[in-house]
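Letter by letter, the chains look like this.
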Amino acid sequence: MANFPSIALSLQPRVAHQVQKMARKKVLVLHSGGMDSTTCLLQAKAEGHDVASLGIDYGQRLLVEMMFAEGQCEKYSIPRHVINVNWQKAERQIPLNRSVEEMAHSVSPAFLPGRNIVFLGLGHAHAAGIGADELQIGLNCVDFSGYPDCTTQFYDSYCTMLNIGNPGGPKLVAPLLKMSKPEIARLASTLGLQRNDTWSCYRPQIREGSIVACGECDACKLHEFAWQELK
């Protein structure tokens, strides 16, 4: 679909207009400012859809990712919506210096129970409210921290629930679900993203007056793994 504009130009004007009209969707992307969700956002825009970004301010301790998301939306002229919500969160630990292989064999203690359940529910309701055709999320179950709410079982079950609870509502789409992190980075690169254009770190550090990634948490390790082939 990324090559669609060049295909449309070779069609008769009337036919091209009909194809474009049929293909164009209103897409809301759950957008944290990280590589996965930003790639979804820019891919949907590149495909010619009417795209909006949705952020969830859930009382997270660190708002760096929200700042990145806002900057990305401003750069690419994409509307940004934010929902504010809060709940009592379980105490968590952030593991350090785990290998990608180690992450695949256990659920990270940084897992926040209910987060994606809440996010997808709010996102779906907001998508329905603005008349969106799709709600996209950057779920990935190949190279990840073992979170149970990032698996194909979770995604398929949530889609089933939404179809029962809101028949004909916005479709839940996870374009990156079965892609590896390096594959996602390569796609991101074709969309114009570079490794430092997004934020993934769980524990930012202040060094010489600047906020920098720690380089040790799972998110940093996965980000490094994603981009290592594109250095």
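The structure this text deals with has already been given above.
Asker: Help me get a handle on the overall build of the chain, residues and values and all.
Answerer: Each helix and strand in the chain was counted, giving 9 helices and 7 strands. Contacts in the chain between residues at least 24 apart in sequence constitute 73% of all its contacts with a sequence separation of at least 6. Counting only carbon and sulfur atoms, one obtains 53% of the accessible surface of the chain, whose full area is about 12,300 Å².

Asker: Just give me the short version of the packing of aromatic side chains, but keep the residues and values in it.
Answerer: Taken as a whole and assessed by the stated rule, the structure comprises 5 aromatic pairs. Judged by centre distance (5.5 Å) and plane angle (40 degrees), the ring pair of Phe 68 and Trp 199 falls under tilted. With a gap of 131 residues between them, Phe 68 in helix α4 (residues 64-76) and Trp 199 in the loop between α8 (181-190) and β6 (205-207) connect regions that are remote in the sequence. The partly exposed category is assigned to Phe 68, whose relative accessible area is 26%. Summarising the aromatic geometry, the rings of Phe 154 and Tyr 158 are spaced 5.5 Å apart at their centres and angled 50 degrees between planes, so their arrangement reads as tilted.

Asker: Provide a residue-level description of helix α6 (residues 115-129), including the pertinent values.
Answerer: Across its 15 residues, α6 extends 21 Å between first and last C-alpha, which sits within 8% of the 21 Å expected from 1.5 Å per residue. Within α6, burial applies to Asn 116, Phe 119, Leu 120, Gly 123, His 124 and Ala 127. Summarising the axial view, the buried residues of α6 lie within an arc of 130 degrees, below the 170-degree limit, and thus occupy one face. Check the buried side of α6 and you find it contacts β1 (26-30), β2 (50-57), β4 (134-136), α7 (152-165) and β5 (171-173). Gly 131 occupies a position one or two residues after α6 and carries a positive phi of about 75 degrees.

Asker: Now, about the packing of α6 against α7: what can you tell me, with residues and values included?
Answerer: Packed helices, taken two at a time, are described by the angle their axes make and the gap between the axes. Running from amino to carboxyl end, α6 crosses α7 at an angle of 40 degrees, the nearest separation of the two axes being 12 Å. Relative to α7, α6 is oriented so that their crossing is right-handed. Facing α6, whose interface residues are Asn 116, Ile 117, Leu 120, Gly 121 and His 124, α7 presents Phe 154, Tyr 158 and Leu 162. Tallied by class, residues from the contact of α6 with α7 come to 5 nonpolar, 3 polar and no charged.

What counts, and at which threshold
- Residues numbered from 1 in each chain as written.
- Predicted model: local features only at pLDDT ≥ 70, side-chain atom pairs only at ≥ 80, totals over all residues.
- Heavy atoms only, no water.
- Helix = DSSP H or I, 4+ residues; strand = E, 2+ residues; numbered from the N terminus.
- Contact = heavy atoms within 4.5 Å.
- Areas by Shrake-Rupley, 256 points an atom, 1.4 Å probe, with all protein chains shown as cover.
- Phe/Tyr/Trp six-rings, centres within 6.5 Å; stacked < 30°, edge-to-face > 60°.
- Buried < 20%, exposed > 50% of the residue type's maximum accessible area, 1.4 Å probe, protein only.
- Expected span 1.5 Å × (residues − 1).
- Arc of directions from axis to C-beta.
- Axes fitted to C-alpha atoms, helices over the stretch in contact; angles between N-to-C directions.
- Left-handed = near helix turned anticlockwise from the far one by under 90°.
- Nonpolar A, V, L, I, M, F, W, Y, C, P; charged D, E, K, R; others polar.

Purely geometric numbers; function is a separate question.
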